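# Tertiary structure, described
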Amino acid sequence: MNRPARLAVGVISAGRVGSVLGAALARAGHHVIGVSAVSQASLRRAEDLLPDVPVLDPPDVAQSADLLLLAVPDDELSGLVRGLAATGSLRAGQIVVHTSGAHGVGVLAPAAEVGALCLALHPVMTFTGRAEDLLRMTAASVGVTAADDDEIAWSVGEALVVEMEADPVRIPEHVRPLYHAALAHGANHLVTLVAECTDLLRSAGVSGGERLLGPLLSAALDNALRHGDRALTGPVSRGDVGTVRKHLAVLAHEAPEVLPSYRVLARRTADRAEAAGLLRPEAATEVRTTLEDDE
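What counts as what
- Residues numbered from 1 in each chain as written.
- Predicted model: local features only at pLDDT ≥ 70, side-chain atom pairs only at ≥ 80, totals over all residues.
- Heavy atoms only, no water.
- Helix = DSSP H or I, 4+ residues; strand = E, 2+ residues; numbered from the N terminus.
- Polar contact = N/O pair within 3.5 Å; in protein donor to acceptor, adjacent residues only side chain to side chain.
- Contact = heavy atoms within 4.5 Å.
- Buried < 20%, exposed > 50% of the residue type's maximum accessible area, 1.4 Å probe, protein only.
- UniProt positions renumbered as here; feature names shortened; annotations may be inferred.
- Patch = residues over 30% accessible without salt bridge, like charges linked within 9 Å, V, L, I, M, F, W, Y side chains within 5 Å.
- Areas by Shrake-Rupley, 256 points an atom, 1.4 Å probe, with all protein chains shown as cover.
- Salt bridge = Lys/Arg side-chain N within 4 Å of Asp/Glu carboxyl O.
- Core = buried A, V, L, I, M, F, W, Y, C linked by side-chain atoms within 4.5 Å.
- Axes fitted to C-alpha atoms, helices over the stretch in contact; angles between N-to-C directions.
- Parallel < 35°, antiparallel > 145°, perpendicular 65-115°, else oblique.
- Nonpolar A, V, L, I, M, F, W, Y, C, P; charged D, E, K, R; others polar.
- Pairing = 2+ DSSP bridges.
- Right-handed = clockwise from strand over helix to strand, strands pointing away.

## Some points on the side chain of Arg288
Mapped onto the secondary structure, Arg288 falls in helix H13 (residues 281-293). Within polar-contact distance, the side chain of Arg288 engages the side chain of Glu274 at 3.0 Å. Once residues lying within four places of it in the same chain are set aside, the contact partners of Arg288 are Ala270, Asp271 and Glu274.

Okay, here's the thing in structure tokens:
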């Protein structure tokens, strides 16, 4: 493919996402001219992933950049954009990109008002802020959002993602909240679920719980992605209410803090197993009744 013009890239800030995407853009041949970093962790990431890039205040990063990457927490993004616009740090023709999954391009309105090309590029992966994330980017998708009628912006966003060796996926502005809820529900809550399972095994006196869970959960994830609800297994999907009662009893005694999430997920499993034809309606009703009776 024809490579687009090299851009002067500014990164605000050197968190786990910003440092990695800055490095990915540098790997693609762009020139990172400045990064903002305040905490010791951010400074270390900047030194490791963006060596020799000057650490500057956010307005100075913005003023020098052709492509400005805003990689700050969701709740900080709106105020940052307003502040940069108010200080005259943004300009017409500049490309302003944020990495928040929760926001579309509406949050970049102050940049659009001065004539900047605005994009949301959300990598669909979790970051450690270390060099191995650059390898993970090559297998990741990136949600691209631009103004609905701005085909140039859509194309620029997709080109930047391809340059970072990732897969661009168009996410229209109006579906962005549901898109992000789906990803957070899966990735974030999966971590909580796995950590709770490890804690339960430890409470049961089983050492090396991660070793037990690794193959099991990896197979479950692979099967779920391949087969959807047809991959459901276990006592709920089989209608084994006796086993479900035992689970409820032992969790109530040993780990009451886990019990509410077990009930909620078991109900949803029963619903989905019934809808998929894996669990007879009368068996599904018995499972749900068992879960409710124990509350």
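Following the structure, the description resumes.
## Quick look at the side chain of Thr145
Inspection of the secondary structure puts Thr145 in strand E6 (residues 141-145). The exposure class of Thr145 is buried, given its relative accessible area of 0%. From its side chain, Thr145 meets the backbone oxygen of Ile171 in a polar contact 2.6 Å long. Within the local environment of Thr145, its side chain forms a polar contact with the side chain of Arg176, the two groups lying 2.4 Å apart. In contact with Thr145, other than residues within four places in its own chain, are Gly104, Val105, Cys118, Leu119, Ala120, Trp154, Ile171, Pro172, Glu173 and Arg176.

## Quick notes on the UniProt feature "domain: DUF2520" (unreviewed entry) in the chain
The UniProt feature table records "domain: DUF2520" (unreviewed entry) at residues 143-269. Taken as a whole, residues 143-269 contains 70% helix and 6% strand, while its terminal C-alpha atoms sit 29 Å from one another.

## Topic: a nonpolar patch on the surface
A surface patch of nonpolar side chains, about 250 Å² in accessible area, is lined by Leu190, Leu193 and Leu265. With respect to the helices and strands, Leu193 occurs in helix H8 (residues 176-203). Residue Leu193 is classed as partly exposed on the basis of its relative accessible area of 38%.

## Describing the nonpolar core
By size, the foremost hydrophobic cluster in this structure holds 37 residues, and its most contacted members are Leu67, Leu119 and Met137. Of all the elements, helix H1 (residues 16-27) adds the most residues to this core, at five residues. Ala8, Leu77, Leu80 and Val107 belong to the second-largest nonpolar core, a separate cluster that totals 20 residues.

## Some words on the packing of helix H11 (residues 241-254) against helix H12 (residues 259-275)
Running from N to C, H11 and H12 cross one another at 160°; their axes reach a closest spacing of 9 Å. With respect to each other, H11 and H12 are oriented roughly antiparallel. Contacts between H11 and H12 pair Val244, His247, Leu248, Leu251 and Ala252 from the former with Leu259, Tyr262 and Arg263 from the latter. Here the contact of H11 with H12 is composed, by residue class, of six nonpolar, one polar and one charged.

## Re the pattern of salt bridges
Counted under the stated rule, the structure contains 15 salt bridges. The closest approach of N and O atoms between Arg136 and Asp133, which form a salt bridge, is 3.2 Å. Of this pair, Arg136 and Asp133 both sit in helix H6 (residues 132-137), three residues apart, roughly one helical turn. Note that Arg280 and Glu282 form a salt bridge whose closest N and O atoms lie 2.9 Å from each other. When its relative accessible area of 49% is taken as the criterion, Glu282 is described as partly exposed. Through salt bridges with shared partners, one network takes in Arg268, Asp271, Glu274 and Arg288.

## Observations concerning the pairing of strand E7 (residues 167-170)
Inspection of the sheet shows E6 paired to E7 by four bridges, in the parallel sense. Following the sheet pairing, Gly143 is matched in E7 by Val169. Regarding the hand of the β-α-β motif, the stretch spanning E6, helix H7 (residues 151-163) and E7 is right-handed.

## A word on the environment of His31
With respect to the helices and strands, the residue His31 is situated in strand E2 (residues 31-36). Along the chain, His31 and Asp271 lie 240 residues apart, while their C-alpha atoms are 52 Å from each other. Not counting residues up to four positions away in its chain, the partners in contact with His31 are Leu7, Ala8 and Val9.

## What about the sheet that holds strand E5 (residues 117-123)?
In any sheet, the strands associate via hydrogen bonds between backbone groups, in a parallel or an antiparallel arrangement. The mixed open sheet is built from seven strands, whose spatial order is E2-E1-E3-E4-E5-E6-E7. Bordering the open sheet on either side are E2 and E7, each of which pairs with just one other strand. Across the sheet, the mean angle separating the axes of adjacent strands is 25° when strand polarity is ignored. Across four bridges, strand E4 (residues 95-98) lies against E5 in parallel orientation. Across the sheet, the residue bridging to Ile95 is Leu117, located in E5. Sitting on the sheet, helix H4 (residues 74-86) is in contact with strand E1 (8-12), strand E3 (67-70) and E4, with an inclination near 145° to E3.

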